[in-house]
Amino acid sequence: MEMAVTDSLRQQAYALAAAFVHTLDRRDPVALQRDWALSAAVAEEVIDMLDSYFAANQVLSLAPLAQAFVPGKGDRPAVDVYATDAGPLGLECLLLADGEPDEATLHLEMSGHDGALRLHYHYIGS
């Protein structure tokens, strides 16, 4: 069943995605495994992907909540939350490096039941 994308759901998804990006910023594969249930292999792959896009000292973040859902370049918001036919919410999040947009986009899904969302990492791409 497809989830309706309400403002409340969008903000919940943003909060989870921002927390995930905060973990990404630490570039700690153990934290990715512990906090986000990624396998060791996927956590290492995520860190390798970050290293291919960003310098080690760059701070990773999402656009601030007030700007996250406002259409930008190409009429796409920096954080795009959308319903999928399969049921979960899809998210495409433009990653910022030191507060500036970069080419890397974080692809996530959010599934939920009983009012709680659960984040599922898909990939980072351009």
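Residues numbered from 1 in each chain as written. Predicted model: local features only at pLDDT ≥ 70, side-chain atom pairs only at ≥ 80, totals over all residues. Heavy atoms only, no water.

(A) Expanded view of helix H3 (residues 40-53). With 14 residues, H3 should reach 20 Å at 1.5 Å per residue; the first-to-last C-alpha distance of 20 Å fits that figure. Among all positions of H3, only Ala 43, Val 46, Ile 47, Leu 50 and Tyr 53 are buried. Buried residues along H3 cover an arc of 125° about the axis, so they all sit on one side. Residues Ala 41, Glu 45 and Ser 52 are exposed on H3 and point more than 90 degrees away from its buried face. In this structure, the buried residues of H3 make contact with helix H1 (7-26), helix H2 (29-36), strand E1 (60-61), strand E4 (100-113) and strand E5 (116-125). (Helix = DSSP H or I, 4+ residues; strand = E, 2+ residues; numbered from the N terminus. Expected span 1.5 Å × (residues − 1). Buried < 20%, exposed > 50% of the residue type's maximum accessible area, 1.4 Å probe, protein only. Arc of directions from axis to C-beta. Contact = heavy atoms within 4.5 Å.)

(B) Highlighting the pattern of salt bridges. This model, assessed by the stated rule, comprises six salt bridges. As a salt-bridge pair, Asp 35 and Arg 34 come within 2.8 Å of each other at their nearest N and O atoms. A salt bridge links Arg 76 to Asp 80; its shortest N-O distance comes to 2.6 Å. For Arg 76, a relative accessible area of 40% translates into the label partly exposed. (Salt bridge = Lys/Arg side-chain N within 4 Å of Asp/Glu carboxyl O.)

(C) The arrangement of the packing of aromatic side chains in detail. Scanning all chains against the criterion turns up four aromatic pairs. On the numbers, 5.3 Å between centres and 90° between planes, the contact of Phe 20 with Trp 36 is edge-to-face. With Phe 20 in helix H1 and Trp 36 in helix H2, this residue pair connects regions lying 16 residues apart in the sequence. Given the relative accessible area of 0%, Phe 20 is considered buried. With a centroid separation of 6.1 Å and an interplanar angle of 45°, the aromatic rings of Tyr 53 and Phe 54 are classed as tilted. Taken as a pair, Tyr 53 and Phe 54 share a single burial class, namely buried. Above the plane of the ring of Phe 69 lies Arg 10, whose end atom (NZ or CZ) is 5.6 Å from the centre. (Phe/Tyr/Trp six-rings, centres within 6.5 Å; stacked < 30°, edge-to-face > 60°. Lys NZ or Arg CZ within 6 Å of the ring centre and 35° of its normal.)

(D) Examining the side chain of Glu 92 more closely. For Glu 92, the position within the fold is in strand E3 (residues 89-97). Here the side chain of Glu 92 touches Arg 76 through a polar contact of 2.5 Å, side chain to side chain. Non-local contacts of Glu 92, meaning those with residues more than four positions away in its chain, are made with Arg 76, Ala 78, Val 79, Asp 80, Tyr 82, Thr 105, Leu 106 and His 107. (Polar contact = N/O pair within 3.5 Å; in protein donor to acceptor, adjacent residues only side chain to side chain.)

(E) The arrangement of the pairing of E3 in detail. With eight of nine residues buried, E3 lies mostly within the body of the structure. Bridge analysis of E1 against E3 gives two bridges, and the strand direction is antiparallel. Following the sheet pairing, Ser 61 is matched in E3 by Leu 96. In the sheet, strand E2 (residues 79-83) pairs with E3 via five bridges, with the strands oriented antiparallel. (Pairing = 2+ DSSP bridges.)

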